[in-house]
Amino acid sequence: MGKPTTDSEVTGEQLCKSCGMCCRGVFHPRAILYDSADTAIAHRIGAQVIQDPGEEHPLFKLPCPAFAGLCSVFPNRPSVCQKHQCQLLYDLLQEAVALPEALQCVSDTRDLLDSLLPTLQQLAHDHITQRPEALLKKILDQLPKEEDRRAFKKKHSLLLLQYGLFLRARDSHFYPDTDA
């Protein structure tokens, strides 16, 4: 993709760089490597490349090791990263939403994520996974008895409310028609 050439590409780059939730693995657990150039980039940045038997192309696990608050390889990132558009980015590029509003959506969603992620990670005994859904599933899988699950839900009702708000933000702004 190289350097942005249009105002909308510059604006899109601003949004992506302010967000990073895809890079962190918040919405997706892995990314597809479409060609050997992508695979070479993934190896160069230290990504864990895997070949899933059900997938045509190799994948790399997220979070991306090139992300430390900001993509360190943005101009030379894999094509999947260059081509990917969440609904918010799509809406921004189509001028259906203004940059300040889009940035506020990112900020609000990140605040929700930051308020619940540390607790989910602690309860799941997993400080690497960034996907709230995966962490909550892991927690509930550790509680096979229904009474244990009810007790968990009662004790952590605020956390579950924050989780619901996060899912609503994700589904409203980033991935409205998918399970992300």
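Computed from a predicted model, the values in this text were never measured in an experiment.

A. Representation of the overall build of the chain. A tally of regular secondary structure across the chain gives nine helices and three strands. Relative to its length of 180 residues, the chain is compact, with a C-alpha radius of gyration of 18 Å against a globular reference of 16 Å. Along the first, second and third principal axes, the C-alpha set of the chain runs to 55 × 40 × 25 Å. Of all 180 residues assigned to the chain, the portion counted as buried reaches 38%. Once local pairs closer than 6 in sequence are excluded, the contacts in the chain between residues at least 24 apart make up 63%. Of the roughly 10300 Å² of accessible surface on the chain, a fraction of 53% belongs to carbon and sulfur atoms. Across the chain, the centroid of the 20 positively charged side chains sits 8 Å from that of the 23 negatively charged ones.

B. View of the pattern of salt bridges. Counted by the stated rule, this structure contains nine salt bridges. For Arg30, the salt bridge is made with Glu55, and the minimal N-O distance between the two is 3.4 Å. Separated by 25 residues along the polypeptide, Arg30 in strand S1 (residues 30-32) and Glu55 in the loop between strand S2 (49-50) and strand S3 (59-61) bring together distant segments of the chain. In this structure, the salt-bridge partner of Asp126 is Lys138, at a minimum N-O distance of 3.1 Å. Placement of Asp126 in the loop between helix H6 (99-124) and helix H7 (132-141) and of Lys138 in helix H7 is noted, with a sequence separation of twelve residues between them. Of the residues examined, Lys138 reaches a relative accessible area of 34% and is grouped as partly exposed. Each member of the salt-bridge network shares a partner with another, and the members are Arg30, Asp52 and Glu55.

What counts and how
Along each chain, the written sequence defines residue order, and numbers are assigned to residues from 1. Thresholds applied to this predicted model are a pLDDT of at least 70 for local features of residues and 80 or more for the giving and counting of side-chain atom pairs; totals over whole chains, interfaces and linings are not thresholded and use all residues. Excluded from the side-chain calculation are hydrogens and water; included are all heavy atoms of the structure. Only DSSP runs of H or I with at least four residues qualify as helices, and only runs of E with at least two residues qualify as strands; both kinds are numbered from the N terminus onward. The globule rule used here is 2.2 Å times the number of residues to the 0.38 power, and the radius of gyration it is set against is calculated over C-alpha atoms. Throughout, exposure labels follow a simple rule: accessible area from a 1.4 Å probe, protein chains only, divided by the maximum for the residue type, with under 20% read as buried, over 50% as exposed, and the rest as partly exposed. Throughout, a residue-residue contact means that at least one pair of heavy atoms, one from each residue, lies within 4.5 Å. The protein chains shown are the only cover counted for residues, whose accessible areas, like all others here, come from Shrake-Rupley with a 1.4 Å probe. Neither His nor the chain ends is counted toward charge; the positive residues are Lys and Arg and the negative residues Asp and Glu. In plain terms, the charge of a residue is placed at NZ if it is Lys, CZ if Arg, CG if Asp and CD if Glu. The working definition used for a salt bridge is a side-chain nitrogen of Lys or Arg within 4 Å of a carboxyl oxygen of Asp or Glu.

Taken by themselves, the reported measurements are silent on function.
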